[in-house]
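# Architecture and fold: a report
Listed below, chain by chain, are the residues.
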Amino acid sequence: MIQPSGPLRGTVAVGGAKNDVLPIMAACLLTEETSVIEGVPQVSDVLMMADILRELGVAVELNGPQLTITPGRYSGTTATYDLVSKMRASVCVLGPLLAKQGEAQVSIPGGCVIGPRPIDLHLKGLQALGAAISSEHGYVVAAGLLHGARVHLAGAHGSSVLATGNVMMAATLAEGTTVIEQAACEPEVADLVAFLCAMGARVEGAGTPVIRIDGVRQLHGARHQIIPDRIEAGTLMLAGAVTHGEVVIDGARADHVAALSEKLREAGVEVDVLDGAIRVRAPRRLSAVDVTTLPYPGFPTDLQAPIMALLATAQGVSVLTEKIYPERFMHVAELNRMGASIAREGASAIVKGVPRLSGVPVTAPDLRAAAALVLAALAADHQTELSGLEHLDRGYQHLEEQLRQLGAVLERVEIPSARQAEGVPGWS
Ligand code: EPU
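Figured I'd write up the structure that's included with this text. Please read all numbers here as calculations on a predicted model, not as lab measurements. (Residues numbered from 1 in each chain as written. Predicted model: local features only at pLDDT ≥ 70, side-chain atom pairs only at ≥ 80, totals over all residues. Heavy atoms only, no water.)

### Section: the packing of helix α8 (residues 230-242) against helix α10 (residues 304-311)
Closest axis-to-axis distance for the α8/α10 pair is 10 Å, and the angle between their directions is 5°. Considering the angle they form, α8 stands roughly parallel to α10. Between α8, through Leu238, Ala241 and Val242, and α10, the contact on the second element is made entirely by Pro306, Ile307, Ala309 and Leu310. Across the contact of α8 with α10, the residue classes break down as 7 nonpolar, no polar and no charged. (Axes fitted to C-alpha atoms, helices over the stretch in contact; angles between N-to-C directions. Helix = DSSP H or I, 4+ residues; strand = E, 2+ residues; numbered from the N terminus. Parallel < 35°, antiparallel > 145°, perpendicular 65-115°, else oblique. Contact = heavy atoms within 4.5 Å. Nonpolar A, V, L, I, M, F, W, Y, C, P; charged D, E, K, R; others polar.)

Laid out in structure tokens, this is it:
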């Protein structure tokens with residue numbers, strides 16, 4: 001159970017970003033040499049990516065927050081269905097494998113609970129670099145010697161972080177110059193550029209929509225520090241706001257959470273940028289605000305569910321519109337079970353603020369929805385039993401300890417009930 005905990009107060013440190021480390025692990029496939037990555041969050045998606053690399057014949061050692069990856073002369077070229085089906089981000093081994101080994105077979109990622117997530121942009125980009133791509137028995141099969149090209153990577157909903165990463169990684173070892181237009185500008189893409197440059201790649205334009213890569217013959221190992229997780233930082237900012245507390249998030253990058261800070265201020269939260277930290281204070285009931293998710297530097301889709309939990313109890317009507325994943329609203333039904341008043345209209349959710357939510361048993365349908373339900377539970381008037389924590393564990397390493405440090409009362413237990421599928425731990 002997560003107990004109604006009153007205003008959260010204190011300081012917590014933010015961990016390394018899951019969405020930064022996953023493509024960086026894949027980038028290690030571009031060299032035979034050892035790379036050392038620091039500040040790695042211990043989340044299940046990282047363990048999954050480690051298994052994918054091991055399956056390819058790569059040595060991976062995880063020592064607390066330090067990851068050591070030694071590819072050597074690995075011979076694998078296939079990422080199998082068993083692993084890819086569990087984590088869509090594993091598709092980002094496609095570009096590095098193709099560039100280093102000359103061929104790659106990656107299981108086609110299936111449907112995803114947050115809606116359709118095509119990989120056409122990944123394939124289009126790699127084809128432009130000269131790869132022959134086919135689909136065989138549920139696998140993308142890519143082969144060929146790569147050369148530089150001009151590639152436009154815009155999809156129906158804008159840019160794609162992992163497609164940009166895949167094409168960029170492949171281009172580092174291609175012959176000649178590649179220019180990616182409509183590249184994703186997310187901080188994780190910019191940090192992947194930093195890692196590739198540390199490996200000896202020649203890449204310019206990090207953090208802008210045009211990235212230029214001059215191919216080199218080979219890359220070497222590198223040492224790299226993972227950037228702070230802006231979604232975890234945002235979740236903790238929202239935890240401070242939803243409980244009307246005062247919370248300092250140490251290590252949060254103000255520039256990376258600017259879109260959230262702007263919306264929180266609009267809602268009546270005091271957000272102060274300190275030296276290397278962000279402070280959030282919310283003394284009063286908040287006001288409704290409209291939020292539209294967009295590629296960076298717009299409001300992140302990964303905080304759409306968490307901010308909905310906050311707006312569920314704000315004064316007035318908020319409209320939340322999803323421009324990245326128009327189907328990413330599974331949390332609406334669970335928040336409504338807690339007493340929220342939220343109606344889905346196409347790619348928008350209309351949130352009528354209610355004075356308070358009430359604690360009931362709820363089940364997390366996906367990672368960010370799980371975070372949203374934790375936030376809602378902190379502000380509810382009764383204890384909440386949250387199941388489906390395996391989703392939370394994919395992307396948050398310490399959320400429960402962090403919240404406890406701020407004064408929240410919550411505990412993780414095995415619940416021996418029929419409601420609890422196959423021993424999945426719940427917070428009780
Ligand atoms: N898209 C296409 N074609 C493609 C690829 C993407 O049209 O080939 C579209 C998608 O339909 C979507 C948009 O582009 O509208 C971006 O989606 P995509 O699936 O490419 O996102 P991603 O790069 O695979 C990363 C994060 C996601 C985050 C999105 C958006 C990682 C490992 N994952 O995914 O994180 O939501 O960017 O910011 O970096 C999460 O952490 O909970 C999560 C889902």
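### With respect to the pattern of salt bridges
Enumeration over the complete set of coordinates arrives at 21 salt bridges. In this structure, Glu32 and Lys100 form a salt bridge, with 3.8 Å as the shortest nitrogen-oxygen distance. Here the residue Glu32 occupies a position in the loop between α1 (18-27) and β2 (35-38), and Lys100 occupies one in helix α4 (residues 94-101), the gap between them amounting to 68 residues. Arg212 is the partner of Asp214 in a salt bridge, and the nearest nitrogen-oxygen pair spans 3.2 Å. Judged by relative accessible area, which is 37%, Arg212 ranks as partly exposed. (Salt bridge = Lys/Arg side-chain N within 4 Å of Asp/Glu carboxyl O. Buried < 20%, exposed > 50% of the residue type's maximum accessible area, 1.4 Å probe, protein only.)

### Notes on the site of the ligand
Neighbouring residues of the ligand: 23 residues in total, closest Leu121, Ser160, Asp302, Ile324 and Arg368. Here an oxygen atom of the ligand and a side-chain polar atom of Lys18 are 3.1 Å apart. Its free accessible area being 820 Å², the ligand has 93% of it covered by the protein chains. Broken down by secondary-structure element, the contributors of at least two residues to the shell around the ligand are α1, α5 (120-128), α6 (161-172) and α12 (367-378). (Near = heavy atom within 4 Å. Polar contact = N/O pair within 3.5 Å; in protein donor to acceptor, adjacent residues only side chain to side chain. Areas by Shrake-Rupley, 256 points an atom, 1.4 Å probe, with all protein chains shown as cover.)

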